[in-house]
Amino acid sequence: AQSVTQLGSHVSVSEGALVLLRCNYSSSVPPYLFWYVQYPNQGLQLLLKYTSAATLVKGINGFEAEFKKSETSFHLTKPSAHMSDAAEYFCAVRRGRDDKIIFGKGTRLHILP
Amino acid sequence: DTGVSQDPRHKITKRGQNVTFRCDPISEHNRLYWYRQTLGQGPEFLTYFQNEAQLEKSRLLSDRFSAERPKGSFSTLEIQRTEQGDSAMYLCASSLDTLATQYFGPGTRLLVL
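This one's a predicted model, so the numbers in the text were calculated from it and none came from an experiment.

Novice: Honestly, the sheet that holds strand β1 (residues 3–7) of chain A in this entry has me stumped. Any pointers?
Specialist: Strand pairing in a sheet relies on backbone hydrogen bonds, with the paired strands running either antiparallel or parallel. Residues and elements named next belong to chain A. Sheet architecture is open: five strands sit in the order β1-β3-β8-β7-β6, paired in antiparallel fashion. The strands lining the two open edges of the sheet, one partner per strand, are β1 and β6 (56–58). Averaged over all neighbouring strand pairs, the angle between strand axes comes to 20 degrees, with direction disregarded.

Novice: What exactly am I supposed to notice about the nonpolar core here?
Specialist: Most often, soluble globular proteins have nonpolar side chains that are buried together. If you look at the biggest cluster of nonpolar residues, it comprises 26 residues, and the most contacted ones within it are W35(A), L48(A), F74(A), L76(A) and Y89(A). For this core, the secondary-structure elements that each account for two or more residues are β2 (10–14), β3 (19–26), β4 (32–38), β5 (44–50), β7 (64–68), β8 (73–78), β9 (87–94) and β11 (107–112) of chain A. Excluding its chain neighbours within four sequence positions, the residues that come into contact with Y89(A) are Q6(A), L21(A), W35(A), Y36(A), V37(A), L47(A), F63(A), L76(A), G106(A), T107(A) and L109(A). C23(B), L32(B), L61(B) and V112(B) belong to the second largest nonpolar core, which has 19 residues in total.

Novice: Sorry if this is basic, but what is going on with a nonpolar patch on the surface here?
Specialist: Residues and elements named next belong to chain B. On the surface, a cluster of nonpolar side chains totalling about 310 Å² of accessible area is made up of I12, L111 and L113. As for its placement among the helices and strands, L111 is situated in strand β11 (residues 108–112). Taking relative accessible area as the criterion, L111 reaches 40% and is therefore assigned partly exposed.

Novice: What is the right way to look at the state of the cysteines in this model?
Specialist: A disulfide bridge is the covalent bond that connects two cysteines by way of their sulfur atoms. Per the stated rule, a full pass over the model turns up two disulfides over all chains. Disulfide partner of C23(A): C91(A), at an S-S distance of 1.9 Å. Disulfide C23(A) to C91(A): torsion about the S-S bond roughly -65 degrees, handedness left-handed. Of this pair, C23(A) sits in strand β3 while C91(A) is found in strand β9, placing the two residues 68 residues apart along the sequence. A residue is classified by how much of its surface remains accessible, and C23(A), at 0% relative accessible area, is buried. Linked covalently through their sulfurs, C23(B) and C92(B) form a disulfide whose S-S length is 1.8 Å. When the S-S torsion is -70 degrees, as for the bridge of C23(B) with C92(B), the disulfide is left-handed.

Definitions and cut-offs
- Residues numbered from 1 in each chain as written.
- Chains lettered and ligands numbered in written order.
- Predicted model: local features only at pLDDT ≥ 70, side-chain atom pairs only at ≥ 80, totals over all residues.
- Heavy atoms only, no water.
- Pairing = 2+ DSSP bridges.
- Helix = DSSP H or I, 4+ residues; strand = E, 2+ residues; numbered from the N terminus.
- Axes fitted to C-alpha atoms, helices over the stretch in contact; angles between N-to-C directions.
- Core = buried A, V, L, I, M, F, W, Y, C linked by side-chain atoms within 4.5 Å.
- Buried < 20%, exposed > 50% of the residue type's maximum accessible area, 1.4 Å probe, protein only.
- Contact = heavy atoms within 4.5 Å.
- Patch = residues over 30% accessible without salt bridge, like charges linked within 9 Å, V, L, I, M, F, W, Y side chains within 5 Å.
- Areas by Shrake-Rupley, 256 points an atom, 1.4 Å probe, with all protein chains shown as cover.
- Salt bridge = Lys/Arg side-chain N within 4 Å of Asp/Glu carboxyl O.
- Disulfide = S-S within 2.5 Å.

Below, the structure written as structure tokens:
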């Protein structure tokens, strides 16, 4: 069965520093992988998705993620954190043959001034 | 494009009461999904529709829950005889077709007292 594990329920970085949010997936078939962001009292917004094309995926707001099959990882990065990046981030996986998305438990990103 | 809308945004009810939530998907999106998100967790899949047909229901969807999409446009999620454990954020998403990107609404936050 598909699943994702997000390492660290809370991550704090200083403004301007590198953001690294970790996600490992488990899938018996080639996965579709996603990162979503959720701002307080709002729904989820798609940051980026991996669909077996390029392993380095660029998303919105300067975020990118790299699919590493050997490590079963799909970590999210951003070179320079901004205060507006403070939010909850969810890694998610979907099988190629159906629409159900399985979400991780989320990582809350705090940006320190 | 007005995005996915949900109504109400917040609902407080007493245990044992029935509640109904509405979701209006993006126009012309054939697929509509319901997820539930409890505090500190990622969203969990509940059910989804292809037009008016309900294609899959999670085991999380007990017999107190029912979802409809009568004309293939908006959808309703009803919870009968609410319990405190039903307190959560209920998220709706829609997509153009199979395996297309799911766009999420702002959610309905339910509190059962």
